[in-house]
Amino acid sequence: ARHVEIMRKKMENVMKFASDKALLFLTSAQDSETSSYYIVAAVDLLAILFAVLIAWWMTTSITRPVDIASSLMKRLAEGDLGVDVPDYSDDELGKLLYAMKEMSGNLKEQMRQLSEGITVLAGSAAEISATTSQFATTTQQVAASVNEVMVSMREVKQTTELSNEK
């Protein structure tokens, strides 16, 4: 019976040791679970932050050239032909800005040609006005000469009638 008692005590010691080890293992597993939870939460938070930054960068890289193009188009529509259209990338927005640059250059050239045409027309109008003025002066001189001839003819007629009477 003494051996049984010793065995029972040893079994109790082994059971206590196993229970302590199981409790220690459980506590360690729970601590690992908590720290893993915090690590996963931190990684998730960093991933979300990184995704937001990438989305912001992509949105800005698209909207910035669109805003530039819109602003330049508005200035062109208001008649500001001094708009300096910047060179941009080779993507669709860059092609749009390049087309705007060509349009601005074409509008400047057309305005230059129109200005030259207006200058030529103004010169022609001045010449026409001068010619018309000369024509009016000449017409007045001719009218005065015709009037003098008429007066002279009346005088000749009167002289002729007086002569005939005498």
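Use the structure listed above.
Residues numbered from 1 in each chain as written. Predicted model: local features only at pLDDT ≥ 70, side-chain atom pairs only at ≥ 80, totals over all residues. Heavy atoms only, no water.

> So what exactly am I meant to see when it comes to the overall build of the protein here?
Tallying secondary structure elements over the protein gives two helices and zero strands in all. On C-alpha atoms alone, the protein measures out to a radius of gyration of 54 Å, which is more than a quarter above the 15 Å that the 2.2 N^0.38 rule sets for 166 residues. Taking the principal axes of its C-alpha atoms as reference, the protein extends roughly 200 × 25 × 15 Å. When burial is assessed residue by residue, the protein has 7% of its 166 residues classed as buried. In the protein, the share of contacts with a sequence separation of at least 24, taken over all contacts with a separation of at least 6, comes to 54%. Only carbon and sulfur atoms are counted for the fraction: they give 65% of the accessible area of the protein, which is about 14,200 Å². Of the side-chain charges in the protein, 16 are positive and 22 negative, and the distance between the mean point of each set is 16 Å. (Helix = DSSP H or I, 4+ residues; strand = E, 2+ residues; numbered from the N terminus. Rg over C-alpha atoms; globule rule 2.2 N^0.38 Å. Buried < 20%, exposed > 50% of the residue type's maximum accessible area, 1.4 Å probe, protein only. Contact = heavy atoms within 4.5 Å. Areas by Shrake-Rupley, 256 points an atom, 1.4 Å probe, with all protein chains shown as cover. Lys, Arg positive; Asp, Glu negative; His and termini not counted. Charge placed at Lys NZ, Arg CZ, Asp CG, Glu CD.)

> Looking at this structure, I do not really get the pattern of salt bridges. What am I missing?
Side-chain pairs of opposite charge can arise whenever the charged atoms involved come near each other. Counting across every chain of the model gives six salt bridges. The closest approach of N and O atoms between Glu5 and Arg8, which form a salt bridge, is 2.6 Å. One end of the pair is Glu5 and the other is Arg8, both in helix 1 (residues 2–77) and three residues apart, which spans about a single turn. Between Arg75 and Asp80 there is a salt bridge whose closest N-O contact spans 3.0 Å. Judged by relative accessible area, which is 34%, Arg75 ranks as partly exposed. Its relative accessible area of 31% is what places Asp80 among the partly exposed residues. Residues joined in a network through salt bridges with shared partners are Glu5, Arg8 and Glu12. (Salt bridge = Lys/Arg side-chain N within 4 Å of Asp/Glu carboxyl O.)

> Quick question: what am I supposed to make of helix 1 here?
One full turn of an α-helix is made of 3.6 residues, so residues set three or four places apart face in the same direction. Spanning 76 residues, helix 1 covers 110 Å between terminal C-alpha atoms, matching the ideal 112 Å at 1.5 Å per step. Considered for burial, the residues of helix 1 that qualify are Pro65, Ala69, Leu72 and Leu76. Looking at the packing, one finds that the buried side of helix 1 touches helix 2 (92–165). Backbone geometry just after helix 1 places Gly79 at a positive phi near 95°. (Expected span 1.5 Å × (residues − 1).)

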